[in-house]
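As a plain string of letters, each chain reads:
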Amino acid sequence: MTVTFPQKGLPWLLLLPQLLITAIFFLWPAEQALEQAFYQEDAFGLSREFIGLENFADLFSNPLYYQSILTTLVFSFSVAIVGMSVALLLAVMADRVIRGKLAYQTLLIWPYAVAPALAGVLWWILFDPSMGPIALWLKSAGVDWNHYLDGSQAMILVVIASTWKQISYNFLFFLAGLQAVPRSLIEAAAIDGASPFKRFWTIVFPLLSPTTFFLLVVNLVYAFFETFGVIDATTKGGPGQSTTTLVYKVFDDGFVGLDLGGSAAQSVVLMGIVGLMTVIQFRFIERKVQYS
Amino acid sequence: MIENRPWLTFVSHATLLTGIALVALPVWMALVASTHPASAFGVGHIPLWFGDAGAETWGAVLFDKAGNGVDVPVWFMMLNSLIMALGITFGKIAISLLSAYAIVFFRFPFRNLCFWIIFMTLMLPVEVRIVPTYEVVANLDLLNSYTGLTLPLIASATATFLFRQCFLSIPGELVEAARMDGAGPWRFFFDILLPLSRTNIAALFVILFIYGWNQYLWPLLITTDDAYYTLVMSIKRMLSVTDGDIAWNQIMATTLLAMLPPVAVVIGMQKLFVKGLVDSEK
């Protein structure tokens, strides 16, 4: 039990800045979104009328919304799975080598610091159909690359840009996880004649599962909410709706389409999703603390 | 090393080097592209080796007006980014230290409720409540201001949890000894708590600086006056040219300048960065 100070008013004073900012910039807007979701407002904000659940009914009867849900799922799981696979491969290799481990780590972690929007721009140009080296190389290999017209190619592009930035994060956590695997287990298996490949799949990979699960949640949260910059700076949700994720749609419907009620209803749905993901993340962390 | 398998060691090094090359590829290409004159891109491909227009492009990017409706040079936007990043970083650290201090070292009614209110911020990222947050900030007359750029982003559940964790590990004897020696709550905070949390603060500083510098959506929403443009968000304005006549060399140089400060922080303070990342793993 921590020893405490007896003052009664002081703690409130200490908490005041954080609570004020939370109330004004987090809770108030969230409440506004909740309220707005039940109203229909004209584009100039002059009048509004209570329409109950109609915004939600519109939302869930709109095929474009389901398409956006599908797009988000495809995008998020691609980012998570590709990023984690590449990072795991690199981490296993980095865990093996003795020479130059730190140098490898340094050269692999810096993309974490690059803003998503900038990562998008960099890859956007490499894949530019008329002058990007990768697009030109693909063309000479017989692939007609044009992400301005082809929705699935645009999707591949935003997945690559978002994954590139996230590999460093996954790499660091996998490396830490690998270093925590007891050497004695691996040595015992080696003495019994298990090949490095077999040792990885039967001992190391199962022991990494807490890390893997944690990273899966973190990557999904990242792909859901933090890749707005990648999409906005490059495809802007297009071509058509092929890269419009749920978060991009809230922005697009609210600011470009000026459908405030619809955008607010989407905000409410997203708050539910992010709440759920936070709970999953925290329950997992709790478990890890208890059993380790 | 469990056993000596030279070919496997070779494969490991080769894989890592390939990984590094792939990760560095876009930045390398951008660097090369920024050293060629804009006309080099018209012929249908990006040059693969350095040209000789580097100094010219970088000079123009840094000191001339950015163009496309952005009437300020890049160095000015870097300054804005720096103000925003540091404002967010110091703001988050300061208010989180204070809240964690209140929650750990005082007993008062609704203590748990306060903790849960702070926790709620994790569930309400700006991205999911874009329109109403914009309206609140507009109502408070904070559009186009440094306060508007920083203040709404400085509430932090992650930082509060981290400091709470750190404070809880401080032995009770230390607090008792300090109180017996007549130290009040402020003296205890500044003379004992802050020095003990130094490494945690530094590690968090690195993570939060990157977070602050890389803000994109928020400045995009609330700034319409170029005096408050930050570098990362301005990339979008520079790219949105309709006639297809984009100065790629300048865009690339701007992109590199925009990523330089946070990347330098990660490489220069690698140990603190890794610690911060692991600590703030939510």
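In this text the structure is predicted, and so the values were computed from the model without any measurement. (Residues numbered from 1 in each chain as written. Chains lettered and ligands numbered in written order. Predicted model: local features only at pLDDT ≥ 70, side-chain atom pairs only at ≥ 80, totals over all residues. Heavy atoms only, no water.)

## Notes on the domain arrangement of chain B
Residue and element names in this part refer to chain B. Domain boundaries in chain B define domain 1 (6-69) and domain 2 (73-279). Here the C-alpha centre of domain 2 lies 31 Å away from the C-alpha centre of domain 1. Summed over both sides, the interface of domain 1 with domain 2 buries roughly 1500 Å², with 74% coming from carbon and sulfur. Our count for the domain 1 to domain 2 interface comes out at zero salt bridges. Applying the counting rule to domain 1 against domain 2 returns one residue pair in polar contact (both at pLDDT 80 or more). The set of elements that each furnish at least two residues to the side of domain 1 that touches domain 2 consists of α1 (6-33), α2 (54-63) and β1 (65-67). Top element by residues in the side of domain 1 that touches domain 2 is α2. It accounts for six residues. (Domains from an automatic or database assignment. Buried area = accessible area lost by both parts, 1.4 Å probe. Salt bridge = Lys/Arg side-chain N within 4 Å of Asp/Glu carboxyl O. Polar contact = N/O pair within 3.5 Å; in protein donor to acceptor, adjacent residues only side chain to side chain. Helix = DSSP H or I, 4+ residues; strand = E, 2+ residues; numbered from the N terminus.)

## Some words on the interface of chain A and chain B
Counting residues at the interface gives 98 residues for chain A and 106 residues for chain B. Both faces combined, the contact of chain A with chain B buries some 9500 Å², and carbon together with sulfur accounts for 78% of it. Our enumeration of links across chain A and chain B arrives at one salt bridge. Where chain A touches chain B, the interface holds 17 residue pairs in polar contact (both at pLDDT 80 or more). With 20 residues, helix α1 (residues 10-36) of chain A is the single largest residue contributor to the side of chain A that touches chain B. (Contact = heavy atoms within 4.5 Å.)

## Some words on the UniProt feature "transmembrane region" (unreviewed entry) in chain A
Per the UniProt annotation, the sites labelled "transmembrane region" (unreviewed entry) are residues 12-30, 64-90, 102-126, 154-178, 199-225 and 264-285 of chain A. End C-alpha to end C-alpha, residues 199-225 of chain A measures 37 Å, and it is 96% helix and 0% strand. (UniProt positions renumbered as here; feature names shortened; annotations may be inferred.)

## What to know about the nonpolar core
Counting 147 residues, the largest nonpolar core has W164, F171 and F225 of chain A together with F273 of chain B as its most contacted members. Broken down by element, this core gets its largest block of residues, 14 residues, from helix α7 (residues 151-179) of chain A. Residue contributions to this core reach at least three from each of two domains, namely domain 1 (6-69) and domain 2 (73-279) of chain B. Discounting residues that sit within four places of it in the chain, F171 of chain A has contacts with A87, L90, A91, A94, Q105, L108 and I109 of chain A. (Core = buried A, V, L, I, M, F, W, Y, C linked by side-chain atoms within 4.5 Å. Buried < 20%, exposed > 50% of the residue type's maximum accessible area, 1.4 Å probe, protein only.)

## Notes on the UniProt feature "transmembrane region" (unreviewed entry) in chain B
All names here are of chain B. The feature "transmembrane region" (unreviewed entry), as annotated in UniProt, sits at residues 7-31, 82-106, 113-134, 146-167, 188-211 and 246-267 in this numbering. Between the C-alpha atoms that bound residues 82-106 there is a distance of 35 Å. The span itself is 96% helix and 0% strand. Secondary structure within residues 146-167 divides into 73% helix and 0% strand; the distance between the first and last C-alpha atoms comes to 32 Å.

## Quick word on the side chain of S197 of chain B
Here S197 of chain B shows up in the loop between α9 (185-196) and α10 (198-213). Beyond its immediate chain neighbours, meaning those up to four positions away, S197 of chain B contacts C166 and F167 of chain B.

## Some thoughts on the pattern of salt bridges
All names here are of chain A. Inspection of every chain in the model, using the stated rule, returns four salt bridges over all chains. Its salt-bridge partner being D95, residue R183 comes within 3.4 Å of it at the nearest N-O pair. Of this pair, R183 sits in helix α8 (residues 183-191) while D95 sits in helix α3 (residues 63-96); the two residues are 88 residues apart in sequence, bridging distant segments of the chain. Look at D95 and you get buried, because its relative accessible area is 17%. Between D253 and K249 there is a salt bridge whose closest N-O contact spans 3.5 Å. One end of the pair is D253 and the other is K249, both in helix α12 (residues 246-256) and four residues apart, which spans about a single turn. Classification of K249 as buried rests on a relative accessible area of 6%.

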